[in-house]
Amino acid sequence: MLSGVTVYNDRMNLVIDDRYENLALSHKETLRIPPATRAGLNLDRAAVKVPLRENDTLVAMELTDVFAGVFVSSNGVIAFSANDSGATLTCYFFSSEAAAATTSAGLQVFNEKGACAFDSNKRYMRVVGFQKGYFRGYPKADPERAVCKLPINQAGRKYGVIFPCTPLHVTFADSESSPTMRQASALGARIQGENICISPVAVATAFRSFPGPRDTAIDATVPYSVMFVDITGC
């Protein structure tokens, strides 16, 4: 005999399935990115690093109208902004071990092993889009591209971007046009009208003599994957 629980909303989106446990909000952090520094043609866009907690699985950055990004390094989360004046970014950390809010009411669904697969007092991750492909960073960067169209009823809602398991930070050295230039770029995202757009962001540029061989990967493309989530109410 088949058994189990599945619940769909009025748009026929699956919201509860006792065979699957979604990630839920564990905590959020407000990061203040300091202004970029420029010295002649040299550019350094400051980035902020915060440590990951033990059970953090995915990190979403709240989208604004300015390109910004966040990616996970070996020892924490690094966030940056294309705004030379600095920026304030909010990051949301999702985990399978997130604690539920303490209330006197709610709904819980348990699977056949007795584990809680759904708790209405948790703030679950709501995915609205996913995109993967290739991009080329600076100095020959790809142009901005729209990769996700927001729902029609987006007014008053907040959206975030997740860069899962993608080598987004790329360094290019010794371009053909300027043999003493090195640039580092990372993929950023922003909301533009009814679309979410992505574009490489130059996070550092340096003009000076560099030892070592020329970089032969100036025109190399880098794979990326991005996921977009609704973070309203998180």
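Residues numbered from 1 in each chain as written. Predicted model: local features only at pLDDT ≥ 70, side-chain atom pairs only at ≥ 80, totals over all residues. Heavy atoms only, no water.

Chemist: Please set out the overall build of the chain residue by residue, giving values where relevant.
Modeler: The secondary structure content of the chain amounts to zero helices and 19 strands. Burial analysis of the chain (234 residues in total) assigns 44% to the buried set. Once local pairs closer than 6 in sequence are excluded, the contacts in the chain between residues at least 24 apart make up 73%. Looking at the chain as shown, the accessible area adds up to about 12,900 Å², and 52% of this sits on carbon and sulfur atoms. (Helix = DSSP H or I, 4+ residues; strand = E, 2+ residues; numbered from the N terminus. Buried < 20%, exposed > 50% of the residue type's maximum accessible area, 1.4 Å probe, protein only. Contact = heavy atoms within 4.5 Å. Areas by Shrake-Rupley, 256 points an atom, 1.4 Å probe, with all protein chains shown as cover.)

Chemist: Please give an account of the side chain of arginine 190 that cites residues and values.
Modeler: Residue placement: arginine 190 occurs in strand β17 (residues 181-192). Classification of arginine 190 as buried rests on a relative accessible area of 17%. A distance of 3.1 Å separates a polar atom in the side chain of arginine 190 from a polar atom in the side chain of glutamate 144. Discounting residues that sit within four places of it in the chain, arginine 190 has contacts with Leu63, Thr64, Asp65, Val66, Phe67, Glu144, Asn195, Ile196 and Cys197. (Polar contact = N/O pair within 3.5 Å; in protein donor to acceptor, adjacent residues only side chain to side chain.)

Chemist: Give a detailed account of the pattern of salt bridges, specifying residues and quantitative values.
Modeler: Working definition: two side chains of opposite charge can pair if their charged atoms are close together. Enumeration according to the criterion identifies five salt bridges in this entry. For arginine 190, the salt bridge is made with glutamate 144, and the minimal N-O distance between the two is 3.1 Å. Taken together, the residues span a long stretch of sequence, with arginine 190 in strand β17 and glutamate 144 in the loop between β13 (126-135) and β14 (145-149) at a distance of 46 residues. With a shortest N-O distance of 2.7 Å, arginine 157 and aspartate 230 are connected by a salt bridge. Of this pair, arginine 157 sits in the loop between β14 and β15 (159-162) while aspartate 230 is found in strand β19 (residues 222-230), placing the two residues 73 residues apart along the sequence. For arginine 157, a relative accessible area of 37% puts it in the partly exposed group. (Salt bridge = Lys/Arg side-chain N within 4 Å of Asp/Glu carboxyl O.)

Chemist: An account of the environment of alanine 47 is needed here, citing residue identities and associated values.
Modeler: Considering the arrangement of structural elements, one finds alanine 47 in the loop between β5 (42-44) and β6 (48-50). Taking relative accessible area as the criterion, alanine 47 reaches 46% and is therefore assigned partly exposed. Linking alanine 47 and alanine 36, residues 11 residues apart in sequence, is a C-alpha distance of 9.1 Å. Sequence-distant contacts of alanine 47, defined by excluding residues within four places in its chain, comprise Ile78, Ala79 and Phe80.

Chemist: Which residues make up the sheet that holds β13, and what values go with them?
Modeler: A sheet is described by the order of its strands in space; here six strands give the open sequence β3-β10-β7-β15-β19-β13, paired in antiparallel fashion. Two strands bound the open sheet, and with one partner strand each, they are β3 (24-33) and β13. On average, each strand axis in the sheet is tilted by 30° relative to the strand beside it, whichever way the strands run. Note: strand β7 (residues 58-62) against strand β10 (residues 87-95), four bridges, orientation antiparallel. Among the inter-strand pairings, methionine 61 is bridged to a residue of β10, identified as cysteine 91. (Pairing = 2+ DSSP bridges. Axes fitted to C-alpha atoms, helices over the stretch in contact; angles between N-to-C directions.)

Chemist: Describe in detail the confidence of the model for the chain, supporting the description with residues and values.
Modeler: Confidence in the prediction for the chain averages 76 pLDDT; 73% of positions are at 70 or higher. For the chain, per-element mean pLDDT is lowest for strand β16 (residues 170-173), which scores 48, and highest for β15, which scores 92. Considering only residues more than four positions removed or in separate chains, one finds that residues 166-173, a stretch of pLDDT under 50, has 40 contacts. (pLDDT = per-residue confidence, 0-100.)

Chemist: Please give an account of the nonpolar core that cites residues and values.
Modeler: Membership of the largest hydrophobic core comes to 30 residues, with the highest contact counts inside it found for Met61, Leu63 and Val161. Ranked by residues supplied to this core, first place goes to β19 with four residues. Not counting the four nearest positions on each side in its chain, methionine 61 is found in contact with Ala68, Gly69, Val70, Leu89, Thr90, Cys91, Tyr159, Gly160, Val161 and Ala189. Counting 12 residues, the second-largest nonpolar core is a separate cluster that includes Ala60, Tyr92, Met125 and Val229. (Core = buried A, V, L, I, M, F, W, Y, C linked by side-chain atoms within 4.5 Å.)

Chemist: Tell me about the side chain of asparagine 22, and name the residues and values.
Modeler: Here asparagine 22 shows up in the loop between β2 (14-17) and β3. In terms of polar contacts, asparagine 22 uses its side chain to reach the backbone carbonyl oxygen of methionine 125, at 2.8 Å. Apart from residues lying up to four places away in sequence, asparagine 22 is in contact with Tyr124 and Met125.

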